[in-house]
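Take a look at the letters that make up each chain.
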Amino acid sequence: MSVPNGSPTELQEFRDGVRSWLRSHAPATMPTGADLIPEAKKYQAALFDAGYAGITWPTDVGGQGLSPAYQQVFSDEAAAYEVPTHPFTIGMGMCGPTVNDLGTQEQRTSYLPRLLSGEDIWCQLFSEPGAGSDVASLQTKAVLDGDAWVVNGQKVWTTNAQWADFGALLARTDPDQRKHKGLTMFILDMHAPGVTVRPLKDMSGRAPFNEVYFDDVRIPVDAVIGEVNAGWNAAVTMLGHERVSIGATRKPKSSPLEFASLVALAKDHGVAGDPAQRERLAELFAHERVLELFNVRMRQETMAGNPPGARGSVAKLAGALLLRKAIETAGQIAASDTIAWEPGDTRSAELALGINSAPSSSIAGGTNEVQHNIIGERILGLPKEPQVDRDIPFRELKVGTQRG
Amino acid sequence: MQLVLDPEQQELRSAVRKFLADQAPSARVRAAMESADGFDRELWRRMATELGLLGLAVGEQYDGAGAGHVERAIVQEELGRALAPSPFLGSAVLATDTLLALDDEAARADLLPRMVAGELIAAVAVAEGSGAWDRTGGATTASRSGDSWALDGTKTAVVAGDVADVLLVLASTPGQDGGSSSPGWFRVDASASGVTRTTLTTLDPTRRLAKIAFAGAPATALTSSDAAAALDLVADLAAVALAAEQIGGLERSLEMATDYAKVRVQFGRQIGSYQAVKHGLADIYSDWEQGLSALRYASWAADHARDELPLAAALVATYVGPAYFRAGTLNVQYHGGIGYTWEHDAHLYYKRAKSTELLFGSPAQHRARLADRLGV
């Protein structure tokens, strides 16, 4: 289906509408704690009612059927606000588009409108302790038993699982096939018996992720997304949406590791005039600014009808590397104040949290190494490494806890 | 802010790329760099007359195309890709911008049309000693005798200084009535008595630089309301043009290394399949995407947001130079032994990368200037 890109006048009218809607509807403060989910659902419902949910999604599932240029306009305008949409990002950015691409008409029309209108929260159940970058080596298994698949296993690093109503689950349905061939993607009811969600405390001390355990969980046969044993195709489709989704994410308005914060830090430490510190700050600014400009350029290309595709990997990789540079600069400026501070010194605490959270950007959503491979293979067209496990039945491989 | 080329600009790029692919292939580049002039005069003539490239950022009243710095940056990118030796940076960038930045209408009307037509080459002489640009005019002095001026001193690293017909020189002028000296711009005929030019031996064989000594050389003062401010503008525009050249060379280095990594087989596999090589190439690609975005921004600012130009120029100078040299280094590296031969072109990019990284100051100086402009 071809979608009109939108003339400059049409886009401007759309922008004016978005701007005035946000001004009157964006919540004044970010809800927290027990208020988060009810408020987030309320805001998503308001977006849906206003016609700003699923801007590029087809109209038969409740979307607006508009081009990515319209989505870009909305994202540009919304970036000025802090709004509680993050419980929906996995559903809106990854699971929903995949169900839309590969789901049956019944799946599309029963799940997608509820997602857009804020009734359901989704999570993605891919990563396992033994299957990170090599997702296709996952061990969670689903065995057909009459009219249902019975699932056993464990997922990890699952964002939003603590709130989720549904999950897109990737499980092994045929271990006698090669590892990419015996997988199936399911829609899992997160409230079904046998699903256990436990918070996972990460190295920053917070628990934004979860572990999810499956103990004889029954999934009806009509909950397969796409075909049985074609789950890898579905996963590739979803990871493609994930890249676009991450690439389009804009950083929060202020971070303790951004240039402006580190200039303030240098001034407070009385080292802002030191030639070596000035050079470090200038170098950091340059890297921060060129990445920003690259993101602007990608957005302008999207507006002109050329979405960035795999080039989103450049933004993700550069962002992760920028954080490392910023950590180095922060330590050079604040020296031992980076590692010990008075109780109540919130800035030092925030800086420490920034330092301790940074490794996440180099790992989550595809490691730096995987991003390098994506750039090398999909953009530059370099050959893949030979994959020694590609043509061997999964049952015979050394993966996770399985020793072939 | 406009960071995407419009269809006309894309067409310009294709036309220049095709022209240079036909007219400045490696063999012609090497012949030009080894020739007496160090550049291909026939190529230069055709760039001026057939393609009209020398006056893209010059107004129509001086026979220019009245386009802008985005367009000129496109030409510089392509010249950087092809490595075609030419006086473009010296004459169509530095000297052209200097004339436009000064307030000497007579000099503009006299020189610019001939420069645009490729009939006259001009060069800008500012740097002394280590090559850094001194806003005061440095140790070169201008002395007045009646209506005429004479210059004494030595300028170095003059881009296209070896082949220029006219030199635009920044010199220190004596203060009025015993006041302090101030910088002033002067026009000197390169063949005048008292002008001694030495073609320097350069790291980069595709770009010649000259040392020019003035010993009582006759000069004409160029009218200027603020000589130092004009220099700042010229330096910023030159930084943008140089970054364009670097981005073009960076892109070509990446292409060469990538193409080779796809065909070179060692240990039974194409070397581009090894992550050590693949990831290095991905890093260069990432540098190129970001550097190109910064370049588009800086050239847009040169045309449409002059108040943003000083920061944008310092930004590209800081980021793009080192990025090009990384690419130039890895291009030689990934070619291995063949990349280290004189016969292969990889070294030409490596040398151009290093020479452009340092042409207008060291990376540390660029970072310090960026910090100044950020108010840090």
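Residues numbered from 1 in each chain as written. Chains lettered and ligands numbered in written order. Predicted model: local features only at pLDDT ≥ 70, side-chain atom pairs only at ≥ 80, totals over all residues.

**Q** Any chance you could explain the overall build of chain B here in plain terms?
**A** When helices and strands are tallied, chain B shows 11 helices and nine strands. Compactness check: chain B gives a C-alpha radius of gyration of 21 Å against a globular reference of 21 Å for 376 residues, within 12% of the reference. Seen along its three principal axes, the alpha-carbon backbone of chain B occupies a region of about 80 × 45 × 40 Å. Within the span of chain B, comprising 376 residues, buried residues form 55% of the whole. Looking at chain B alone, contacts between residues at least 24 apart form 74% of all its contacts between residues at least 6 apart. (Helix = DSSP H or I, 4+ residues; strand = E, 2+ residues; numbered from the N terminus. Rg over C-alpha atoms; globule rule 2.2 N^0.38 Å. Buried ≥ 20, exposed ≤ 12 C-beta atoms within 10 Å, placed from the backbone. Contact = placed C-beta atoms within 7 Å.)

**Q** Sorry, what's going on with the overall build of chain A here?
**A** When helices and strands are counted, chain A shows 12 helices and 10 strands. Over its C-alpha trace chain A gives a radius of gyration of 23 Å, about what one expects of a compact globule, namely 22 Å for 404 residues. Seen along its three principal axes, the alpha-carbon backbone of chain A occupies a region of about 75 × 55 × 45 Å. The buried share among the 404 residues of chain A stands at 41%. Of the contacts made within chain A by residues no fewer than 6 positions apart, 72% connect residues no fewer than 24 positions apart.

**Q** Mind showing me how you'd approach the interface of chain B and chain A here?
**A** Often the size quoted for an interface is simply the accessible area lost on bringing the parts together. Counting from both sides, the interface comprises 34 residues of chain B and, opposite them, 35 residues of chain A. For the side of chain B that touches chain A, the leading source of residues is helix H8 (residues 275-304) of chain B, giving 14 residues. Per-class residue counts for the side of chain B that touches chain A are 17 nonpolar, 11 polar and six charged. (Nonpolar A, V, L, I, M, F, W, Y, C, P; charged D, E, K, R; others polar.)

**Q** Where do I start with the pairing of strand S3 (residues 148-155) of chain A in this structure?
**A** On any regular strand, side chains alternate: one points to one face of the sheet, the next to the other face. Residue and element names in this part refer to chain A. Residues Trp-149, Val-151, Gly-153 and Lys-155 line the buried face of S3, whereas the alternating positions Ala-148, Val-150, Asn-152 and Gln-154 sit on a face that is not buried. Alignment of strand S2 (residues 141-145) against S3, held across five bridges, turns out to be antiparallel. Within the sheet, the bridge partner assigned to Lys-141 lies in S3 and is Asn-152. Connecting S2 to the antiparallel partner S3 that follows it, the hairpin turn spans two residues, and Gly-146 within it adopts a positive phi of roughly 70°. (Pairing = 2+ DSSP bridges.)

**Q** Hey, could you run me through the pairing of strand S7 (residues 209-222) of chain B in this one?
**A** Residue and element names in this part refer to chain B. Judged from the nine bridges that link them, strand S3 (residues 148-159) and S7 form a sheet pairing that is antiparallel. In the strand pairing of S7, Gly-153 is matched with Phe-214. Looking at chain direction, strand S5 (residues 182-189) and S7 are connected through three bridges and run antiparallel. Of the residues in S7, the one forming a bridge with Arg-187 is Thr-220. Direction of pairing for strand S6 (residues 195-199) relative to S7: antiparallel, over a ladder of five bridges. What sits directly across from Thr-198, in S7, is Lys-211.

**Q** In this structure, what is going on with the domain arrangement of chain A? I would like to understand it.
**A** If you check the domain split of chain A, you get domain 1 (8-84), domain 2 (123-235) and domain 3 (250-365). Averaged C-alpha coordinates put domain 2 of chain A and domain 3 of chain A at centres separated by 34 Å. (Domains from an automatic or database assignment.)

**Q** Just to check I follow, could you spell out unusual backbone geometry for this structure?
**A** Generally, phi is negative for residues other than glycine and the peptide bonds are trans, each holding for most cases. All names here are of chain B. Phi at Ala-157 is positive, roughly 50°, even though this residue is not glycine. Secondary-structure assignment places Ala-157 in strand S3. Of note in this structure, Ala-160 is not a glycine but carries a positive phi near 65°. Mapped onto the secondary structure, Ala-160 falls in the loop between S3 and strand S4 (166-173). According to the C-beta neighbour criterion, Ala-160 is buried, with 27 such atoms within 10 Å.

**Q** Looking at this model, I keep getting lost on the packing of helix H5 (residues 88-101) of chain B against helix H7 (residues 227-263) of chain B. Mind explaining?
**A** Relative orientation and spacing of two packed helices are given, respectively, by the angle between their axes and the distance between those axes. Residues and elements named next belong to chain B. Relative to each other, H5 and H7 sit at 155°, their axes nearing to 9 Å. Taken together, the axes of H5 and H7 lie roughly antiparallel to each other. Crossing of H5 against H7: the hand is right-handed. The segment H5 lies against H7, with Leu-89, Val-93, Leu-94, Asp-97, Thr-98 and Ala-101 engaging Ala-230, Leu-233, Val-234, Leu-237, Ala-238, Ala-241, Leu-242 and Glu-245. Here the contact of H5 with H7 is built from residues that sort into 11 nonpolar, one polar and two charged. (Axes fitted to C-alpha atoms, helices over the stretch in contact; angles between N-to-C directions. Parallel < 35°, antiparallel > 145°, perpendicular 65-115°, else oblique. Left-handed = near helix turned anticlockwise from the far one by under 90°.)

**Q** So what exactly am I meant to see when it comes to helix H6 (residues 105-116) of chain B here?
**A** For an α-helix, the turn length of 3.6 residues means that residues three or four places apart are oriented alike. All names here are of chain B. The terminal C-alpha atoms of H6 lie 16 Å apart, and with 12 residues this matches the ideal 16 Å at 1.5 Å per residue to within 8%. Where H6 is concerned, the buried positions are Ala-107, Arg-108, Leu-111, Leu-112, Met-115 and Val-116. For H6, the arc enclosing every buried residue in end-on projection is 120°, short of the 170-degree limit, so these residues lie on one face. Counted as exposed and oriented over 90 degrees from the buried face of H6: Ala-106 and Ala-109. (Expected span 1.5 Å × (residues − 1). Arc of directions from axis to C-beta.)

**Q** What should I look at first to understand the domain arrangement of chain B in this one?
**A** Residue and element names in this part refer to chain B. What the domain assignment lists for chain B is domain 1 (7-120), domain 2 (124-226) and domain 3 (228-374). Taken over C-alpha atoms, the centre of domain 1 sits 23 Å from the centre of domain 2. Taken together, the 20 residues of domain 1 in the interface contact 19 residues of domain 2. Elements with a minimum of two residues in the side of domain 1 that touches domain 2: helix H2 (26-34), H5 and H6. Of all the elements, H5 adds the most residues to the side of domain 1 that touches domain 2, at six residues.

**Q** Looking at this structure, I do not really get H2 of chain B. What am I missing?
**A** Residue and element names in this part refer to chain B. Residues of H2 that are buried: Val-29, Ala-32 and Met-33. All buried residues of H2 lie within an arc of 95° about the axis, which places them on one face of the element. Opposite the packed face of H2, turned more than 90 degrees from it, sit the exposed residues Ala-27, Ala-31 and Glu-34. Residues of H2 that are buried sit in contact with helix H4 (69-82).

**Q** Which parts of the structure should I look at to understand the nonpolar core?
**A** Side chains of nonpolar character tend, in soluble globular proteins, to be buried together. Ranked by internal contacts, the top residues of the largest apolar core, which has 166 residues, are Ala-123, Val-240, Ala-243, Ala-298 and Val-316 of chain B. Among the elements that line this core, the one with the most residues is H7 of chain B, at 21 residues. Among residues more than four places away in sequence, those in contact with Ala-123 of chain B are Gly-90, Ser-91, Ala-95, Val-158, Val-159, Ala-160, Gly-161, Ala-164 and Leu-167 of chain B. Core analysis: the second largest hydrophobic core is formed by 61 residues, Leu-66, Phe-74, Ala-136 and Phe-166 of chain A among them. (Core = buried A, V, L, I, M, F, W, Y, C linked by C-beta atoms within 7 Å.)

**Q** Which parts of the structure should I look at to understand the confidence of the model for chain B?
**A** Interpretation of this model should avoid reading the predicted coordinates in detail wherever pLDDT is low. Overall, the prediction assigns chain B a mean pLDDT of 96, with 100% of residues at 70 or greater. On the interface metric, ipTM, the complex scores 0.96, and its pTM is 0.93. (pLDDT = per-residue confidence, 0-100.)

**Q** Looking at this structure, how should I read the environment of Thr-356 of chain B?
**A** Residues and elements named next belong to chain B. Here Thr-356 lies in helix H10 (residues 346-359). Distance from Thr-356 to Val-70, taken between C-alpha atoms, is 20 Å for residues 286 residues apart in sequence. Setting aside its immediate chain neighbours within four residues, Thr-356 contacts Leu-242, Glu-245, Gln-246, Gly-321 and Tyr-324.

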